[in-house]
Amino acid sequence: MEKGDGSFAPAGVYKQRAELYKGSLTSYVVISCLVAAVGGALFGYDIGVSGGVTSMDAFLKKFFYKVYVKKRQAQENHYCKYNDQGLAAFTSSLYLAGLVASLVASPITRKYGRRVSIVCGGISFLIGAVLNALAVNLAMLLLGRIMLGVGIGFGDQAVPLYLSEMAPAHLRGALNMMFQLATTSGIFTANMINYGTAKISEWGWRLSLGLAVLPAILMTVGGLLLPETPNSLIERGSKEQGRRILEKIRGTQEVDAEFEDIVDASELANSIKHPFRKILERRNRPQLVMAICMPAFQILNGINSILFYAPVLFQTMGFGNAALYSSALTGAVLVLTTVVSIGLVDKLGRRVLLISGGIQMTICQVIVAIILGVKFKGDDELSKGYSALVVVVICLFVIAFGWSWGPLGWTVPSEIFPLETRSAGQSITVAVNLLFTFIIAQCFLSLLCSFKYGIFLFFAGWIVIMTLFVYFFLPETKGVPIEEMVFIWRKHWFWKRMVPGTPDVEINEVK
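Because the structure is predicted, anything quoted here is derived from the model rather than measured. (Residues numbered from 1 in each chain as written. Predicted model: local features only at pLDDT ≥ 70, side-chain atom pairs only at ≥ 80, totals over all residues. Heavy atoms only, no water.)

Participant: Quick rundown of the overall build of the chain? Include the residues and the values.
Facilitator: Scanning the chain from terminus to terminus reveals 25 helices and zero strands. Taking all 511 residues of the chain together, the buried fraction comes to 62%. With an accessible surface of roughly 18,600 Å², the chain has 66% of that area assigned to carbon and sulfur atoms. (Helix = DSSP H or I, 4+ residues; strand = E, 2+ residues; numbered from the N terminus. Buried < 20%, exposed > 50% of the residue type's maximum accessible area, 1.4 Å probe, protein only. Areas by Shrake-Rupley, 256 points an atom, 1.4 Å probe, with all protein chains shown as cover.)

Participant: Got a sec to walk through the packing of helix α19 (residues 350-375) against helix α20 (residues 384-403)? Specific residues and values, please.
Facilitator: Packing of α19 against α20 leaves a shortest axis separation of 8 Å and a crossing angle of 160 degrees. Looking at the two axes, α19 sits roughly antiparallel to α20. Read as a crossing pair, α19 and α20 show a hand that is left-handed. Of the residues in α20, those touching α19 at L353, S356, G357, Q360, M361, C364, Q365, I367, V368, I371, L372 and K375 are Y386, L389, V390, V393, I394, L396, F397, I399, A400, F401 and W403. Class assignment of the residues belonging to the contact of α19 with α20 gives a composition of 18 nonpolar, four polar and one charged. (Axes fitted to C-alpha atoms, helices over the stretch in contact; angles between N-to-C directions. Parallel < 35°, antiparallel > 145°, perpendicular 65-115°, else oblique. Left-handed = near helix turned anticlockwise from the far one by under 90°. Contact = heavy atoms within 4.5 Å. Nonpolar A, V, L, I, M, F, W, Y, C, P; charged D, E, K, R; others polar.)

Participant: Which residues make up the confidence of the model for the chain, and what are the values?
Facilitator: Mean pLDDT for the chain: 83, with 85% of residues reaching 70 or above. Confidence drops under pLDDT 50 across residues 503-511; counting only partners more than four residues distant or on other chains, this segment forms 31 contacts. (pLDDT = per-residue confidence, 0-100.)

Participant: Help me get a handle on the packing of helix α15 (residues 285-300) against helix α23 (residues 454-473), residues and values and all.
Facilitator: Where α15 meets α23, the closest approach of the two axes is 9 Å, and the angle between their N-to-C directions is 150 degrees. Helix-helix and strand crossings are classified by hand; for α15 and α23 the assignment is left-handed. In contact with V289, M290, C293, M294, F297 and L300 of α15, α23 contributes F459, W462, I465, M466, F469 and F473. Taken together, the residues of the contact of α15 with α23 sort by class into 12 nonpolar, no polar and no charged.

Participant: If you had to explain the packing of aromatic side chains to someone new, which residues and values would you point to?
Facilitator: Inspection of every chain in the model, using the stated rule, returns 20 aromatic pairs. Pairing F494 with W495 gives two aromatic rings, centres 4.8 Å apart and planes at 80 degrees, and the pair type is edge-to-face. Taken together, the aromatic side chains of F297, W405, F469, Y471, F472, F473, W489, W493, F494 and W495 make up a single cluster linked through ring pairs. Its end group placed over the ring of Y195, K199 keeps NZ or CZ at 4.8 Å from the ring centre. (Phe/Tyr/Trp six-rings, centres within 6.5 Å; stacked < 30°, edge-to-face > 60°. Lys NZ or Arg CZ within 6 Å of the ring centre and 35° of its normal.)

Participant: For a nonpolar patch on the surface, give the residues involved together with the corresponding values.
Facilitator: Residues V366, I370, V374, Y453 and L457 make up a contiguous nonpolar surface patch of about 430 Å² in total accessible area. Tracing the sequence through the fold places V374 in helix α19. (Patch = residues over 30% accessible without salt bridge, like charges linked within 9 Å, V, L, I, M, F, W, Y side chains within 5 Å. Salt bridge = Lys/Arg side-chain N within 4 Å of Asp/Glu carboxyl O.)

Participant: Could you give an account of the pattern of salt bridges, with specific residues and numbers?
Facilitator: With the rule as written, the count across this model stands at 14 salt bridges. In this structure, K278 engages E281 in a salt bridge whose closest nitrogen and oxygen atoms are separated by 3.1 Å. Overall, the relative accessible area of 1% leaves K278 in the buried class. For R283, the salt bridge identified is with E281, shortest N-O distance 3.4 Å. Like R283, the residue E281 is buried in the burial classification. Linked by salt bridges that have partners in common, R172, D346, R350 and E415 make up one network.

Participant: Please set out helix α1 (residues 27-53) residue by residue, giving values where relevant.
Facilitator: The first and last C-alpha atoms of α1 sit 38 Å apart over 27 residues, in line with the 39 Å expected at 1.5 Å per residue. The sharpest bend along α1 measures roughly 30 degrees and falls at G39. For α1, the tally of buried residues reaches 21 of 27 residues, placing the bulk of the element in the interior. (Expected span 1.5 Å × (residues − 1). Bend = angle between axes of the 7 residues up to and from the residue.)

Participant: I'd like to hear about the side chain of T184, residue by residue, with values.
Facilitator: In this fold, T184 is placed in helix α8 (residues 178-197). Here T184 is in contact with G331, L334, V335 and T338, once residues within four sequence places are set aside.

Participant: Break down the nonpolar core for me, citing the residues and quoting the values.
Facilitator: F59, F64, W205, M290, M361, W405 and W489 are the most contacted members of the largest nonpolar core, which has 130 residues in total. Here this core takes 12 residues from α1, the largest share from any one element. (Core = buried A, V, L, I, M, F, W, Y, C linked by side-chain atoms within 4.5 Å.)

Participant: Explain the environment of S117 to me, using residue names and the numbers behind them.
Facilitator: Within the secondary structure, S117 sits in helix α5 (residues 114-133). Relative accessible area serves as the criterion here: at 0%, S117 is assigned to the buried category. A C-alpha to C-alpha distance of 6.7 Å links S117 and G155, two positions 38 residues apart in sequence. If we skip the residues at most four places from it in the chain, S117 touches A105, I108, T109, F154 and A158.

Participant: If you had to explain the environment of V366 to someone new, which residues and values would you point to?
Facilitator: Of note, V366 is situated in helix α19. The spatial distance from the C-alpha of V366 to the C-alpha of V393 is 9.9 Å, given a sequence separation of 27 residues. Residue contacts for V366: discarding those within four places in its chain leaves L457 and A460.

Participant: Provide a residue-level description of the environment of V38, including the pertinent values.
Facilitator: Within the secondary structure, V38 sits in helix α1. Along the chain, V38 and Q180 lie 142 residues apart, while their C-alpha atoms are 9.7 Å from each other. Setting aside anything within four residues of it in sequence, one finds V38 in contact with A182, P215, L218 and M219.

Structure, rendered in structure tokens:
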């Protein structure tokens, strides 16, 4: 684009060169992605550990005595016995802190690189885990949760970007899903640890919360040892170093096409002084809508309610001591289906998995609602046969989530933004995810008390909406190079009216 003084403003990636990309999957990329993905384990471990700890008598007796007393009352309505805003605040305070931290992390990730944010996240999570394990009062416990939230905000902002930029285009979906695999592994690990520590009457909860230091240490040390992404290096002016890293991760010196795309994208990125303002422009509307809707829908299908309140949920249904075992089963199912998704995402594409997963999740939520509505009155226990059926249907729900919205709710937003707004876009994605996680975490126990079995129909309605959204508004991104993603919006039936035919930038942004 020509400016008034006769010079030219950078136009970004203006032609498609995907067919010229060379290179293959190297062990260097695999190892880097595995180490970086440990950041997802932090998020997963916390989701898994919170529900288990909040169902332990020793923990409730020390910090939430009213809930402990209510839980011990035999005649208490099962749907309402855990309804306490203080207990909900323990779970949800982390996500509010993470929301704020993710917005702070955006300029840091852009200015100093992806690795710095990964290290910051690891250190914050480490501090939070220590505070939680040693907590002597509610204030110390909540401070620890806030530090955990800061760690998650930084990690969730940087890790998906890191994975998307390191991966070759034809395998980006699978490698990006390493984040979700680490998340689900963290959930399963936490569930198994809770199952063991629940038998340690007085200090089992401290062990559950304290063991979060292990993934935090891995993330911190890994962040220090990882190479920076070529996209970030080139964006920050280190073109030669960026090219060397690109050649190393692609396993070839024939990287001219990909290097030129990154250079073009970085020149445009460096001309944008206010990425959050830029992202609000009409031409960036498709990416902004996806950055808001995808993470919101990922939470509004009800999965987090099932995962971090699984022990509470199963105890509500009368499972008693089997609650932690049942939630560990759902955690294991989630890990296995995420592995399946890694093998399918770059073959079948994103849309097929999201739509088929949505249909299956809707059916499962409706079945659970019918069983509880007909057979469970709230003041008695569900029969063993129906209890087993509920667990099976919830597992089927988790299977559907595990191959669809679980990993792809992170993958799609992290791969669609141009370099100039990528860090800001990822911050919005993380902030929206954590905002809705906070809302559901804070409200779920009250909603369960008020809606009873209707809570599952509430989530089923949202799943119908998000499945239709994908069908009509999400184009397929499978195999599209990350710096050429703009071309898919120009071909989409709806978004093409908002995306200009030739990328340009506003003159006042270039100055």
